[in-house]
Amino acid sequence: MDQLNTVRVHLLELHRLLLAVEREDYERVHGRVTGATFLNVLTSDPAFAWLRPLTSLILTLDEMLEAELTEADRVDGITRIRAFLAPDENGNEFQRRYADALQQSPHVLLAHGVVMKAL
């Protein structure tokens, strides 16, 4: 499997785990919700906006996989993904919340390691 395809598969798993952590936190406060209700909350509640850049990154990766890329394009894509996934307690909202999620969930931490290894 091509490296970018492998990265995509692992990014999707990381995204799934981050959503699971967020859902667990949400349901702890608001009670259990259906999948449809949670999807609505994800798309409308500003508290979940920090996840949208990761969703966008996955969509961009999908577009890259459909295009004919040069080796330089592939390297640039890998570099951008690696930089994006750099947790930083003093960084942008995604980096801060991502750093928190890595501390909170061993599953997210392991998935992060798998993505970084694939990069």
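What you see is a predicted model, and the numbers here were worked out from it, not measured in a lab.

Asker: Please clarify how helix H2 (residues 35-44) should be interpreted in this entry.
Answerer: Helical periodicity: at 3.6 residues per turn, an α-helix aligns residues three or four positions apart in one direction. All of the buried residues in H2 are Phe38, Val41 and Leu42. Each buried residue of H2 lies within a common arc of 100° when the element is viewed along its axis, so the set occupies one face. Seen from the open side of H2, the exposed residues pointing more than 90 degrees away from its buried face are Ala36, Leu39 and Thr43. Buried residues along H2 sit in contact with helix H1 (3-30) and helix H3 (52-66).

Asker: Can you help me understand the nonpolar core in this one?
Answerer: Most often, soluble globular proteins have nonpolar side chains that are buried together. Grouped together as the largest cluster of nonpolar side chains are 32 residues, with contacts concentrated most on Leu11, Leu14, Leu18, Tyr98 and Val108. Elements represented by at least two residues in this core include exactly H1, H2, H3, helix H4 (71-84), helix H5 (93-104) and helix H6 (106-118). Take this core: its biggest share by element is 8 residues, from H1. When near neighbours in sequence (up to four residues on either side) are disregarded, Leu18 contacts Trp50, Leu51, Leu54, Tyr98, Ala101 and Val108.

Asker: Which parts of the structure should I look at to understand the side chain of His15?
Answerer: Within the secondary structure layout, His15 lies in helix H1. For His15, a relative accessible area of 14% translates into the label buried. If we ignore the near neighbours within four places in the chain, the residues touching His15 are Leu54, Thr55 and Ile58.

Asker: Explain the environment of Pro53 to me, please; I cannot follow it from the model alone.
Answerer: You can see Pro53 is positioned in helix H3. A relative accessible area of 33% places Pro53 in the partly exposed class. Along the primary structure Pro53 and Phe94 are separated by 41 residues, whereas in three dimensions their C-alpha atoms are 7.4 Å apart.

Asker: What's the story with H6 in this structure? I'm lost.
Answerer: For H6, built from 13 residues, the straight-helix expectation of 18 Å at 1.5 Å per residue is met to within 8% by its first-to-last C-alpha distance of 18 Å. For H6, the full list of buried residues reads Val108, Ala111, His112, Val115 and Ala118. One side of H6 carries all its buried residues, which in axial view fall inside an arc of 125°. For H6, exposure combined with an orientation more than 90 degrees from the buried face picks out Pro106, Leu110 and Lys117. The secondary structure elements touched by the buried residues of H6 are H1 and H5.

Asker: Sorry, what's going on with the side chain of Glu22 here?
Answerer: Structurally, the position occupied by Glu22 is in helix H1. Other than its neighbours up to four places away in sequence, Glu22 contacts Phe38, Phe48, Trp50, Leu51 and Arg97.

Asker: Help me understand the environment of Leu110 in this model?
Answerer: Position of Leu110 among the secondary structure elements: in helix H6. Since its relative accessible area comes to 60%, Leu110 is described here as exposed. Along the chain, Leu110 and Leu11 lie 99 residues apart, while their C-alpha atoms are 12 Å from each other.

Reading guide: rules and limits
- Residues numbered from 1 in each chain as written.
- Predicted model: local features only at pLDDT ≥ 70, side-chain atom pairs only at ≥ 80, totals over all residues.
- Heavy atoms only, no water.
- Buried < 20%, exposed > 50% of the residue type's maximum accessible area, 1.4 Å probe, protein only.
- Helix = DSSP H or I, 4+ residues; strand = E, 2+ residues; numbered from the N terminus.
- Arc of directions from axis to C-beta.
- Contact = heavy atoms within 4.5 Å.
- Core = buried A, V, L, I, M, F, W, Y, C linked by side-chain atoms within 4.5 Å.
- Expected span 1.5 Å × (residues − 1).

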